[in-house]
Structure formats: structure tokens, C-alpha cells
Amino acid sequence: MQTHSNAPRLVVDDQLAKIAIQSVRKAMETLFTLTPTNTPWSLQKNFQSHGDISGIISMVQEKMEATLIVSFEAKTIFQLMKKVYKRDFTTIDSSIQQGVGELTNIIYSSIKQKLNDRGHEFKMAIPNVVIGQGHSIINLHEGQQLVVPFSADGNPFYVEVATNQS
Amino acid sequence: MLSIASKVLIAEDFEMTRLMLRNCLVKLGYTKIEEALDGGQAAAMIEKAASSPEPYGLILCDWNMPKLTGIDVLKTCRMNPKTIRTPFVMVTAESERKYVVQALSAGATDYIVKPFTEASIGKKLEKIAARLNR
């Protein structure tokens, strides 16, 4: 017997932006004892995340609806991970890679919980990590992208939700 | 009886979280700390230790892990008469009530949500020890 979810489709709006910002802040404040700042979020169509390392995670309800991407410049993630590891980083080694993966996981889980409290049914997921100096991530979803530029102690990073919904 | 002399297993695939948990345990005075990097390894280590002179006295376990999920590690642990009462704490980013209920129903001793601070983990573990040692 086939069952169909009644979960609402993900809408890219101010509420989603607030949820994403709250989730990023909570993760950063707790793990790194810093409050990231953000410039106003925007809706874009062909934004390309830039960074040296990115965490990517699929947002799936009954079917795939969006992709969450968290992109860091190397200097940004080095400074963050230094707070946990208590040592300097100069290369994107396995500790940095895993750190980005876990950070993406924690941010997504917080976003998921807040969305699911509102009737959505997003599922657990495991992140992937993309590494490459100055890499771009091209959005192939049909819909718009929510883009939130952040700064952590003056170092930039981006959070993006790329959706399928136009 | 849970004490700082107990042997502890951290089952967690992300190194950063393993490090934070280890640092916290060391600050509390625990010295016998072992790590599993995935659920399959965790289940094997738990079973092996259960038949050894020194089984684990505390298990801290993530939910989303390769090879075997934390909830399945928990269920496997609870099916073994030797580990049916081993303190088993889920440490996970999954904060929805349904997962907390699922873990506690499957026999988890307690549930810790990421992100956490070392201080909050410390307080939680002290409460768990006090509750178990009553």
C-alpha cells in the first residue's frame, strides 16, 4: 500500500532564513563560543557558493527538495577549528574535513527540527564534504537559492539552501 | 556502579566530537577511554569487552554513523544479557522528540543533543552517575 506524505513543500522565505540563521548561530555559539554576524539574506537564481571547503547535505521529505551548503574559506575554518583543537591549522587536513562535515550535520539537524516542528518531514541525512581551493558549487536545482553571507570574527562563510521549487 | 574508574566507549564517526567528549571525560577524571569510529566497530567492541574482565561501564554513542546506526548499536547492546544494563547515552544532533522517545524506549539511559559544551556534558554525566549510583 502506497502512502503519501502530507508534508508541505519547502518554501524559501523569511521564516526559512530565520531558521537557518538561528541554527548557524546556535552551532557556532555552542561549539566555538562566538556569535557569527550575517548580512541580509537574499534570494538568488544562479549563485555559486565559493570556498575552499564546503559541507553539503540533501534535504529530503517524500522526495528531494533542497540542498543545504555551508561554504568556508580556509582561514575561516582554520580559526574555528583552532578553538576546539587548540592548535594552528595550515592545511585542510582530515580534522578540518571532518569538522566541516560535523558542523554541516549539526546545522542541518537544527534546521530540520525547526521545520519538522512546523509540519515538515525532513529526514536524517549524512553530509558530504567538498574540498578544493576556490571551488564553486553550481546549483542544478530548478528553484531559487536562499543565500546568507556570514562572518565569524571577520572571516567569511556562506550558508545556502538551494531548492527545487520555483 | 558508574565511576571515573569505569571504562568508557565513545562511538562517534566525527573526530571533532570524539575529541570534545574525550576532553570532557578526562576533565571529569575518567582515564580508560576507547573510541569506535562507526557503529559496526562499536557493536564489536562492546561485545568483546562484555566477555572480558573489564566490560564498558559507560557508552556514549552517536546516532547517524556508518555501518550501523547508534539506535541499532543500542538495540544490540540491550539484547545481550551482559550489557543489558550498561549505561548507554545517545549523543546526537537529532533533537526531535520522536528520536528521544525512540532511544529511551530502546533502552538508552539518557540523551544528549549536539551541539554541546564540555561543561554541559560534564554536568549531564555527573547527574547520570548520581542517578545510577543511588
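What you are looking at is a predicted structure, and each value in this text was computed from that prediction instead of being measured.

Thresholds applied
- Residues numbered from 1 in each chain as written.
- Chains lettered and ligands numbered in written order.
- Predicted model: local features only at pLDDT ≥ 70, side-chain atom pairs only at ≥ 80, totals over all residues.
- Heavy atoms only, no water.
- Helix = DSSP H or I, 4+ residues; strand = E, 2+ residues; numbered from the N terminus.
- Buried < 20%, exposed > 50% of the residue type's maximum accessible area, 1.4 Å probe, protein only.
- Phe/Tyr/Trp six-rings, centres within 6.5 Å; stacked < 30°, edge-to-face > 60°.
- Pairing = 2+ DSSP bridges.
- Axes fitted to C-alpha atoms, helices over the stretch in contact; angles between N-to-C directions.
- Contact = heavy atoms within 4.5 Å.
- Buried area = accessible area lost by both parts, 1.4 Å probe.
- Salt bridge = Lys/Arg side-chain N within 4 Å of Asp/Glu carboxyl O.
- Polar contact = N/O pair within 3.5 Å; in protein donor to acceptor, adjacent residues only side chain to side chain.
- Core = buried A, V, L, I, M, F, W, Y, C linked by side-chain atoms within 4.5 Å.
- Expected span 1.5 Å × (residues − 1).

**Focus: unusual backbone geometry**
Most peptide bonds take the trans configuration, and most residues that are not glycine carry a negative phi.
Item 1. Cis peptide bonds are those with omega within 30 degrees of zero, and the linkage from Lys-114 of chain B to Pro-115 of chain B qualifies with 5 degrees.
Item 2. Secondary-structure assignment places Pro-115 of chain B in the loop between β5 (110–113) and α5 (118–132).
Item 3. Non-glycine residue Lys-86 of chain A carries a positive phi angle of around 60 degrees.
Item 4. Among the secondary structure elements, Lys-86 of chain A is positioned in the loop between α2 (74–85) and α3 (94–116).
Item 5. Non-glycine residue Lys-67 of chain B carries a positive phi angle of around 75 degrees.
Item 6. Within the element layout of this structure, Lys-67 of chain B appears in the loop between β3 (58–61) and α3 (70–79).
Item 7. For Lys-67 of chain B, a relative accessible area of 73% translates into the label exposed.

**Overview of the side chain of His-120 of chain A**
Item 1. Position of His-120 of chain A among the secondary structure elements: in the loop between α3 and β5 (128–137).
Item 2. Its relative accessible area of 12% is what places His-120 of chain A among the buried residues.

**Examining the packing of aromatic side chains**
Item 1. Inspection of the entire model under this criterion finds 5 aromatic pairs over all chains.
Item 2. Summarising the aromatic geometry, the rings of Phe-150 of chain A and Phe-157 of chain A are spaced 5.0 Å apart at their centres and angled 5 degrees between planes, so their arrangement reads as stacked.
Item 3. Ring geometry for Trp-63 of chain B against Tyr-99 of chain B: centres 5.3 Å apart, planes inclined by 75 degrees, an arrangement best described as edge-to-face. Of the two residues, Trp-63 of chain B is situated in the loop between β3 and α3 and Tyr-99 of chain B in helix α4 (residues 97–105); the sequence distance between them amounts to 36 residues.
Item 4. Note on Trp-63 of chain B: relative accessible area 4%, which makes it buried.
Item 5. Among the residues examined, Tyr-99 of chain B registers a relative accessible area of 10% and is labelled buried.
Item 6. Three or more aromatic residues joined by ring pairs make a cluster, and in this case those are Phe-72, Phe-150 and Phe-157 of chain A.

**Let's talk about the sheet that holds β3 of chain B**
All names here are of chain B.
Item 1. Here we have 5 strands laid out as an open sheet, ordered β2-β1-β3-β4-β5, and parallel in their pairing. Two strands bound the open sheet, and with one partner strand each, they are β2 (33–36) and β5. Pairs of neighbouring strands in the sheet enclose a mean axial angle of 20 degrees, with direction left out of account.

**Overview of the interface of chain A and chain B**
Item 1. Listed per partner, the contact involves 22 residues of chain A and 19 residues of chain B.
Item 2. Buried surface at the junction of chain A and chain B, summed over both partners, amounts to about 2,000 Å²; 62% is from carbon and sulfur atoms.
Item 3. Looking at the side of chain A facing chain B, the largest losses of area belong to Gln-98, Glu-102 and Met-124 of chain A, adding up to 30% of the total buried there.
Item 4. The tally of links from chain A across to chain B stands at 3 salt bridges.
Item 5. One salt bridge connects Lys-112 of chain A with Glu-94 of chain B, and the closest N-O pair in it is separated by 2.5 Å.
Item 6. Summed over the shared surface of chain A and chain B, the result is 9 residue pairs in polar contact (both at pLDDT 80 or more).

**As for the nonpolar core**
Item 1. In terms of nonpolar packing, the biggest core is built from 66 residues, with Met-59, Leu-68 and Phe-72 of chain A together with Leu-60 of chain B touching the most fellow members.
Item 2. Contact partners of Phe-72 of chain A, with chain neighbours within four places excluded, come to Met-28, Gly-51, Asp-52, Ile-53, Ile-77, Leu-80, Val-100, Leu-103 and Phe-157 of chain A.
Item 3. Core analysis: the next-biggest nonpolar cluster, separate from the first, contains 23 residues, Ile-46, Trp-63, Cys-77 and Ala-103 of chain B among them.

**Regarding the environment of Lys-86 of chain A**
Item 1. Judged by relative accessible area, which is 68%, Lys-86 of chain A ranks as exposed.
Item 2. Polar side-chain contacts of Lys-86 of chain A include one of 2.8 Å to the backbone oxygen of Lys-83 of chain A.

**Quick word on helix α1 (residues 14–32) of chain A**
All names here are of chain A.
Item 1. Along its 19 residues, α1 runs 26 Å from first to last C-alpha, staying within 8% of the 27 Å computed at 1.5 Å per residue.
Item 2. Its side-chain oxygen 3.1 Å from the backbone nitrogen of Gln-15, Asp-13 forms the N-cap of α1.
Item 3. Where α1 ends, the next residue or the one after it, Thr-33, has phi of about 45 degrees, a positive value.

**Describing the pairing of strand β3 (residues 49–60) of chain A**
Residues and elements named next belong to chain A.
Item 1. Counted residue by residue, β3 has 9 buried out of 12 residues, so it is predominantly covered.
Item 2. For β3 and β5, the ladder comprises 7 bridges, and the chain directions are antiparallel. If you follow Ile-53 over to β5, its bridge partner there is Ile-131.
Item 3. Bridging between β3 and strand β4 (residues 64–72) involves 8 bridges; their strand directions are antiparallel. By the bridge assignment for β4, Ile-57 is matched with Leu-68.

**Considerations on the side chain of Thr-86 of chain B**
Item 1. For Thr-86 of chain B, the position within the fold is in the loop between α3 and β4 (88–92).
Item 2. Dropping the residues within four chain positions of it, Thr-86 of chain B is found in contact with Tyr-56, Gly-57, Leu-58, Ile-59, Arg-78 and Thr-109 of chain B.

Geometric descriptors of this kind do not, in isolation, establish any biological role.
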